[in-house]
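Residues per chain are reported as follows:
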Amino acid sequence: MSTFSAASRSGRRVGLPALVTASVLAALATTVPAASARDAGPPVGGECGGQEQTRRAVRLLTERDGIPGAAVLVTDPATDGRCGRWTEAAGTADLRTGRPMTSADRLRAGSVTKTFTAALVLQLVAERRLSLDEPVERRLPGLIQGHGHAHAHGHGHGYGYGYGYGYDGGRITVRQLLQHTSGLPDYLEAPEWEDYEQLRYRRFEPRELVRRALELPPPQGAWHYATTNYLVLGLLVREVTGRSPEAEIDRRFIKPLGLHDTYWPGDNPRVQGPHSRSYFVDGDGRRIDGTDWNMTFAGAGGALVSSPGDLTRFAGALLGGRLLPAAQLAEMRRTVEADPDRVWPGARYGLGLISTPLSCGGTWWGHAGTVPGGHRALVAVGPGGRSAAVALNTVPDSLPAELDFLDVVDKSLCGDRHSERNSA
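Going along each chain's sequence as written, the residues are numbered from 1 onward. Confidence filtering applies because this is a predicted model: local features only for residues at pLDDT of at least 70, side-chain atom pairs given and counted only at 80 or more, and all residues used for totals across whole chains, interfaces and linings. As a rule here, side-chain values come from all non-hydrogen atoms in the structure, and water together with hydrogens is ignored.

## With respect to the overall build of the protein
- Within the protein, the regular secondary structure consists of 10 helices and 13 strands.
- Think of it in three bands: with a 1.4 Å probe and only protein chains considered, a residue is buried below 20% of the maximum accessible area for its type, exposed above 50%, and partly exposed in between. Per-residue burial for the protein yields a buried fraction of 60% across its 424 residues.
- Long-range pairs, those at least 24 residues apart, make up 72% of the contacts in the protein with a sequence separation of at least 6. Helix and strand definitions here come from DSSP, where helices need a minimum of 4 consecutive H or I residues and strands a minimum of 2 consecutive E residues; each element is numbered from the N-terminal end. By definition in these notes, contact holds between two residues if any of their heavy atoms fall within 4.5 Å.

## So, the nonpolar core
- Grouped together as the largest cluster of nonpolar side chains are 113 residues, with contacts concentrated most on F116, I144, L178, W193, L318, W344 and L378.
- When near neighbours in sequence (up to four residues on either side) are disregarded, I144 contacts V136, E137, Y167, D168, G169, I172, L184, L214 and V232. Among the buried residues, those of types Ala, Val, Leu, Ile, Met, Phe, Trp, Tyr and Cys that are joined through side-chain atoms within 4.5 Å form a nonpolar core.

## With respect to the packing of aromatic side chains
- Note on aromatic contacts: the rings of Phe and Tyr and the six-membered ring of Trp form a pair at centre separations within 6.5 Å, being stacked when their planes are under 30 degrees apart, edge-to-face when over 60 apart, and tilted otherwise. Evaluated as defined, the whole model comprises 12 aromatic pairs.
- Three or more aromatic residues link up through ring pairs in this structure, and these residues are F116, F253 and F314.
- Working rule: Lys NZ or Arg CZ, within 6 Å of ring centre, within 35 degrees of ring normal, means a charge sits over the ring. In this arrangement the basic side chain of K114 is found over the ring face of Y230, its NZ or CZ atom lying 5.8 Å from the centre.

## Here's the deal with the pattern of salt bridges
- Every case where a carboxyl oxygen of Asp or Glu lies within 4 Å of a side-chain nitrogen of Lys or Arg is listed as a salt bridge. Tallying each qualifying case throughout the model produces 31 salt bridges.
- Put simply, D292 and R270 hold a salt bridge, and the shortest N to O gap is 3.9 Å. Of the two residues, D292 sits in the loop between β6 (287-289) and β7 (305-306) while R270 sits in the loop between α7 (245-254) and β5 (279-281), which places them 22 residues apart along the sequence.
- Its relative accessible area of 18% is what places D292 among the buried residues.
- For D310, the salt bridge is made with R313, and the minimal N-O distance between the two is 2.8 Å. Here R313 and D310 lie together in helix α8 (residues 308-319), a separation of 3 residues that amounts to about one turn.
- The class for D310 is buried, based on a relative accessible area of 3%.
- Several salt bridges share partner residues, and in doing so they unite E127, R129, R243, E248, R251 and R252 into one network.

## Topic: the environment of S307
- Counting through the fold element by element, S307 comes out in the loop between β7 and α8.
- Separated by 198 residues in the primary sequence, S307 and A109 have C-alpha atoms spaced 7.8 Å apart.
- With residues up to four places along the chain from it excluded, the contact list for S307 reads A104, D105, R106, L107 and D261.

## Brief notes about helix α2 (residues 113-126)
- Between the first and last residue of a helix there are one fewer steps than residues, each counted as 1.5 Å, and that sum is the expected span. With 14 residues, α2 extends 20 Å between its outermost C-alpha atoms, agreeing within 8% with the 20 Å of an ideal straight helix rising 1.5 Å per residue.
- The element α2 is largely enclosed, with a buried count of 13 among its 14 residues.
- Backbone geometry just after α2 places R128 at a positive phi near 65 degrees.

## Some words on the sheet that holds strand β13 (residues 387-392)
- When DSSP finds at least two bridges between two strands, those strands are taken to pair. The 9 strands lie next to each other as β3-β2-β1-β13-β12-β11-β10-β9-β8, forming an open sheet whose pairing is antiparallel. The open sheet has two free edges, formed respectively by β3 (99-100) and β8 (336-337), since each of these has just one partner strand.
- In the sheet, strand β9 (residues 348-349) pairs with strand β10 (residues 354-357) via 2 bridges, with the strands oriented antiparallel. Following the sheet pairing, R348 is matched in β10 by S355.
- As a rule, the C-alpha atoms of each element are fitted with a line to give its axis, helices using only the stretch in contact, and angles between N-to-C directions run from 0 to 180 degrees. Each of β1 (69-75), β2 (85-94), β11 (363-370), β12 (376-381) and β13 is contacted by α8, which is oriented at about 35 degrees to β12, the strand it contacts most.

## Description of unusual backbone geometry
- With a phi angle near 65 degrees, R128 is a residue other than glycine that sits in the positive phi range.
- Within the fold, R128 resides in the loop between α2 and α3 (136-139).
- Its relative accessible area of 79% is what places R128 among the exposed residues.

## As for the pairing of β1
- Counting buried positions along β1 gives 7 out of 7 residues, so the element sits mostly inside the fold.
- The alternating pattern of β1 places G69, A71, L73 and T75 on one face and A70, V72 and V74 on the opposite face, and all of these are buried.
- As judged from the 7 bridges shared by β1 and β2, these two strands associate in the antiparallel manner. Counterpart to A70 in the pairing with β2 is A90.
- In terms of strand pairing, β1 meets β13 through 6 bridges, oriented antiparallel. Its bridge partner lying in β13, V72 is registered against V390.

Purely spatial values, then, with no claim about function.
This is the structure we're talking about:
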């Protein structure tokens, strides 16, 4: 799953290549209601630091960018009382009923799932059951090969790509998979995903998707974001532990941290429990409810359902050093330059973590995710442990809208620091 699915600065579609249809949703801006009374407005006793700036940033998404509903949850372990946890929301969670957006709703987390999978792999490294620099071929012999063997695709597509591209699992390491420097293509860039709605209810297996990726030509550049990498990591986890990555993440993270809104949907296309609906625009310009979707195509790289509260709890535990030894957490935070057209300007990529500079100084760490049905999620932890989790129910369809989305994070983590600097 993608982290950045809006139009790039060059105007081409990026990230989850054709899984987001370019269409202006500005007409929605006149139909969405005001911010939810449950989530918006200052707490009794006045504003929390940065809340006014955050509120304005959230409302831009609905009033200017045409996102039906947007919400953010901010937590700050350094702050006691009412300002240790606050929310802002605007717009509508369900366009049919008019129910207001709220940060308590579940949503599809998309590629935020990759941080869970990366943390699992780093735990196995800490347990000396895996090495970051061992080749994939050692555990999964024959999985990654591209030496000219044509095989039946099995989907009736018959594209005939990729014979002889020379992919070699003996030269691809665990670290490179985590970091998106493996040189593997993304199966989501295959031609059939240009009409992704036809695959909406189809079940996929990880090995099937990896094979499809190997039929595609290699990407350009040293860094290339590809969910293929994380499907391979999921297969490695199964080989090492004897259990699925879903079962291991549930056992090691979801249950111990009490992430009651976080679960693997498996083959069920519906989201369980209270959730926002999600929307996308089809090729004819019609707005479609995309909430129901079979997420087996994303697996360990993007299938989780979660909530802003659960995402901040997990990210806080991870970056606070409660899930990994210091050495493995430091490895996660060793970054390489990322393609700004596939993430966003200023971002760097570690091992399942993105770092991004803050306008007030310092860096936030976290991940973003997009799903084809329309949910857009992001969790970020800034200096001092303050965190923000943002939920949208339509993917931004332009670079300005995407930057407004990222600005919610910046204002949530920086707003009070800007106020202090301006009053100095």
